Amino acid sequence: MYCKSNFVFYLTLSSFSSRCSCIFTHFLLFCVTETTCPDGWTKLCSSCYFLSTERGSWTTGREDCRTRGADLVVIDSIEEQTFLSGLSNKNTWIGLTDRDKEGTWKWVDGTPLTVTYWASNQPDNKNGEDCVEILSDQSSKWNDISCEDSRQWICEKPAQP
Ligand SMILES: [Ca+2]
Ligand SMILES: [Ca+2]
Ligand SMILES: [Ca+2]
């Protein structure tokens, strides 16, 4: 679950035993217990994000994320896209690929691609590009490049209560 800013209110109510961080008021009202991220990770709503210092292939990045109990970032809201654009000033891997079937983009968690933020004229599959980077110089829009290129990467995992 992520937070849509239109529907989110931050509040602290003394009557609540734990502090509520995300309240959805769009037909539903429920409470999410305050969650935290490990040192070195940045929090947005219910997820934690890690920007690598190392560079490597898309697969190297994914394996590193998995050893950290995470996976490459899956972007499913404008809030998350905007947040990530402020996280790195380098081109970075995200968890999107069409390696299995050319032109069929899939996130690493298996979800199909719905909301997209491609840079203009992308994806172009130039010389067989199957992995996706965020472009630091184009409002963090996306570009497909060779999975063997060397980039930093962003991992995502759920924040813990
Ligand atoms: Ca996400
Ligand atoms: Ca491709
Ligand atoms: Ca491209």
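Heads up: these notes are all about the structure in this document. Just so we're clear, the structure is a prediction, and the values are computed from it rather than from any experiment. (Residues numbered from 1 in each chain as written. Chains lettered and ligands numbered in written order. Predicted model: local features only at pLDDT ≥ 70, side-chain atom pairs only at ≥ 80, totals over all residues.)

**Focus: the overall build of the chain**
A tally of regular secondary structure across the chain gives 2 helices and 11 strands. Along its sequence from the N terminus, the chain presents helices and strands in the succession β-β-β-β-β-α-β-α-β-β-β-β-β. The proportion of buried residues among the 161 residues of the chain is 29%. Considering only contacts in the chain between residues 6 or more positions apart, those separated by 24 or more positions represent 57%. (Helix = DSSP H or I, 4+ residues; strand = E, 2+ residues; numbered from the N terminus. Buried ≥ 20, exposed ≤ 12 C-beta atoms within 10 Å, placed from the backbone. Contact = placed C-beta atoms within 7 Å.)

**Some words on the nonpolar core**
Within soluble globular proteins, side chains that are nonpolar tend to cluster in buried spots. Core analysis: the largest hydrophobic core is formed by 27 residues, its most contacted members being Leu72, Val73, Ile94, Ile154 and Cys155. Sorting the residues of this core by element identifies strand E5 (47-51), helix H1 (58-67), helix H2 (78-85), strand E7 (92-97), strand E9 (131-134), strand E10 (142-145) and strand E11 (152-158) as the ones contributing at least two each. Among residues more than four places away in sequence, those in contact with Ile94 are Leu72, Val73, Ile75, Val132, Ile134 and Ile154. (Core = buried A, V, L, I, M, F, W, Y, C linked by C-beta atoms within 7 Å.)

**Some details on H2**
Structurally, the α-helix is built with 3.6 residues per turn, so residues lying three or four positions apart point the same way. Listed in full, the buried residues belonging to H2 are Glu80, Phe83 and Leu84. With its buried residues spanning 95° around the axis, H2 presents them on a single face. Turning to H2, the residues buried within the fold contact strand E4 (42-44), E9 and E11. (Arc of directions from axis to C-beta.)

**What to know about the pairing of E9**
Neither face of E9 is exposed, since Cys131 and Glu133 on one face and Val132 and Ile134 on the opposite face are all buried. Pairing of E7 with E9, which is carried by 3 bridges, proceeds in the antiparallel orientation. Its bridge partner being in E9, Thr97 is matched across the sheet by Cys131. Both E9 and E10 contribute to a ladder of 4 bridges, which runs antiparallel. For Val132, the partnering residue across the bridge sits in E10 and is Asp144. (Pairing = 2+ DSSP bridges.)

**Thoughts on the environment of Ser52**
In this structure, Ser52 sits in the loop between E5 and H1. Along the sequence, Ser52 and Ser88 sit 36 residues apart, while their C-alpha atoms lie 9.7 Å from each other. If we skip the residues at most four places from it in the chain, Ser52 touches Gly61, Asp64, Gln152 and Trp153.

**Here's the deal with the pairing of E11**
Bridging between E5 and E11 involves 5 bridges; their strand directions are antiparallel. Within the sheet, the bridge partner assigned to Ser47 lies in E11 and is Pro158. Bridge analysis of strand E6 (residues 71-72) against E11 gives 2 bridges, and the strand direction is antiparallel. If you follow Asp71 over to E11, its bridge partner there is Glu156. Pairing analysis gives 2 bridges linking E7 to E11, with the strands arranged parallel. Residue Trp93 lies in a different strand from E11, and its bridge partner there is Trp153.

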